[in-house]
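# Working through the structure, step by step
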Amino acid sequence: TFPEATRNRMKAALLPDRGVVKVAGLDARAFLNGLLTTDVTKVTPQQARFGALLTPQGKILFDCIVAEAPAEDGGGFFLDCPKALAIELMQKLNFYKLRAKVICEDLSPVLGVMAIWEGTGTTEYGLLYADPRLPALGQRLMLPPHLAGEAAKDLGAALVEASAYEAHRIALGVPRGGLDFMYGDTFPHETDMDQLAGIDFDKGCYVGQEVVSRMEHRGTARTRIVPVTADGFVPDGGVPVMAGDRQIGTTGSHDGSHGLAMLRLDRVADARAQGVTLTAGGVPIEPRRPDWATFDWPEAKS
């Protein structure tokens, strides 16, 4: 709970799990566009894009938000990515670089990422961009972490703990890699990237494109990360979600009675048709479709 003064006010939180990889040089845009699921030709200093670098088999190795610095600030692309994977991401980009005129560097030791939500503001501190996944996620700001307090003041936001942003993210039903899905083992559709503006289905080739296109056109994405609620607490991540004695998914991140789970939606439909309650760790849970989602949803039989 927040002090009364911050309850109805814009909030800002430094996200300790986020890092920054910079990609610059003459070929930077074309280089990234040939690798990522998003259309990097549409990235501008005013518009960031959400995307991922996949395995050739179409599974997510890294997801990131691609932001561009204005030319007057030196230009270049800044990838807002999981901090724990920043060095690995930089190394993977260098592996793909070949003769492309690009320089990739991990700036996580000097740059952090702040989330700003429940309002919008402007600031001279750092690189500010709207979160491209959902308007309700607000804005993000890359800046040296020691400037977080001054930046929040400049924005007119109350500086709060990262846990407040996590609660906001979970309430919106937006997955987080490493908690709600495992990198290297999950298809973009399963993490709702197709719903959160993370895949451009009209752009040219990128690594893993054939698999992603097939899933989209055949409608074969049966597994999805969706919000769940529990009477009491949603169990910790990694607990099997059961329909009777059949496992149909796994829990992810949670905030008290709200959480996320990766579920086989066809098996949720079967359970609902049979009147079977879903449980995780013995706790009854109820999945729901996020407000922003357009995928088919198994309705309860009346």
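Since we're looking at a predicted model, the values are computed, not measured. (Residues numbered from 1 in each chain as written. Predicted model: local features only at pLDDT ≥ 70, side-chain atom pairs only at ≥ 80, totals over all residues. Heavy atoms only, no water.)

## Some words on the overall build of the protein chain
When its secondary structure is counted, the protein chain shows seven helices and 16 strands. The principal-axis extent of the C-alpha atoms belonging to the protein chain is close to 60 × 50 × 25 Å. Put simply, 68% of the contacts in the protein chain that link residues at least 6 apart link residues at least 24 apart. Of the roughly 14,000 Å² of accessible surface on the protein chain, a fraction of 51% belongs to carbon and sulfur atoms. Computed over 31 positive and 38 negative side-chain charges, the inter-centroid distance for the protein chain is 4 Å. (Helix = DSSP H or I, 4+ residues; strand = E, 2+ residues; numbered from the N terminus. Contact = heavy atoms within 4.5 Å. Areas by Shrake-Rupley, 256 points an atom, 1.4 Å probe, with all protein chains shown as cover. Lys, Arg positive; Asp, Glu negative; His and termini not counted. Charge placed at Lys NZ, Arg CZ, Asp CG, Glu CD.)

## Notes on the pattern of salt bridges
Taken as a whole and judged by the stated rule, the model has 20 salt bridges. Among the salt bridges present, the one from arginine 169 reaches glutamate 166, with a minimum N-O distance of 2.9 Å. Separated by three residues within a single helix, arginine 169 and glutamate 166 lie in helix α5 (residues 162–172), roughly one turn from each other. This pair shows no difference in class: arginine 169 is buried, exactly as glutamate 166 is. Among the charged side chains, a salt-bridge network with shared partners connects Asp17, Glu166, Arg169, Arg176 and Asp180. (Salt bridge = Lys/Arg side-chain N within 4 Å of Asp/Glu carboxyl O. Buried < 20%, exposed > 50% of the residue type's maximum accessible area, 1.4 Å probe, protein only.)

## A few points about the nonpolar core
Counting residues in each nonpolar core, the largest one holds 55 residues, and the members touching the most others are Phe78, Tyr129, Val241, Leu263 and Leu278. Residues in contact with phenylalanine 78, not counting those within four places in the same chain, are Val20, Val21, Lys22, Ile65, Val66, Ala67, Ala69, Leu107, Leu111, Leu127 and Met142. Val21, Ala28, Met90 and Leu93 belong to the second-largest nonpolar core, a separate cluster that totals 24 residues. (Core = buried A, V, L, I, M, F, W, Y, C linked by side-chain atoms within 4.5 Å.)

## Concerning the sheet that holds strand β9 (residues 139–143)
Across the sheet, five strands lie side by side as β8-β9-β7-β1-β10; this open sheet has mixed pairing. The open sheet has two edge strands, β8 (127–130) and β10 (158–159), and neither has a second partner. Examined bridge by bridge, strand β1 (residues 11–14) and β10 share two bridges and lie parallel to one another. Across the sheet, the residue bridging to alanine 12 is leucine 159, located in β10. Running over the sheet, helix α4 (residues 148–155) touches β1, β7 (112–117), β9 and β10 and is turned about 140 degrees from β9. Across the sheet, α5 is in contact with β1, β7 and β9; its angle to β7 comes to roughly 60 degrees. (Pairing = 2+ DSSP bridges. Axes fitted to C-alpha atoms, helices over the stretch in contact; angles between N-to-C directions.)

## Overview of the sheet that holds strand β11 (residues 223–230)
The strand order β11-β14-β13-β12-β15-β16 describes a closed barrel built from six strands, whose pairing is antiparallel. On average, each strand axis in the sheet is tilted by 40 degrees relative to the strand beside it, whichever way the strands run. Pairing geometry for β11 and strand β14 (residues 258–264), over seven bridges, is antiparallel. Residue pairing in the sheet places proline 227 in a bridge with leucine 260 of β14. Strand contacts of α5: β13 (246–255) and β14, with the helix running at about 145 degrees to β13, the strand carrying the most contacts. Lying over the sheet, helix α7 (residues 265–273) contacts β11, β12 (240–243), β13, β14, β15 (278–280) and β16 (283–287), oriented at roughly 95 degrees with respect to β14.

## A closer look at the pairing of β7
Within β7, six of the six residues are buried, which leaves it mostly tucked inside the rest of the structure. Alignment of β1 against β7, held across four bridges, turns out to be antiparallel. By the bridge assignment, leucine 14 is partnered in β7 with methionine 114. Here five bridges tie β7 to β9, and the two strands are oriented antiparallel to one another. Within β9, the position partnered with isoleucine 116 by the bridge is glutamine 139.

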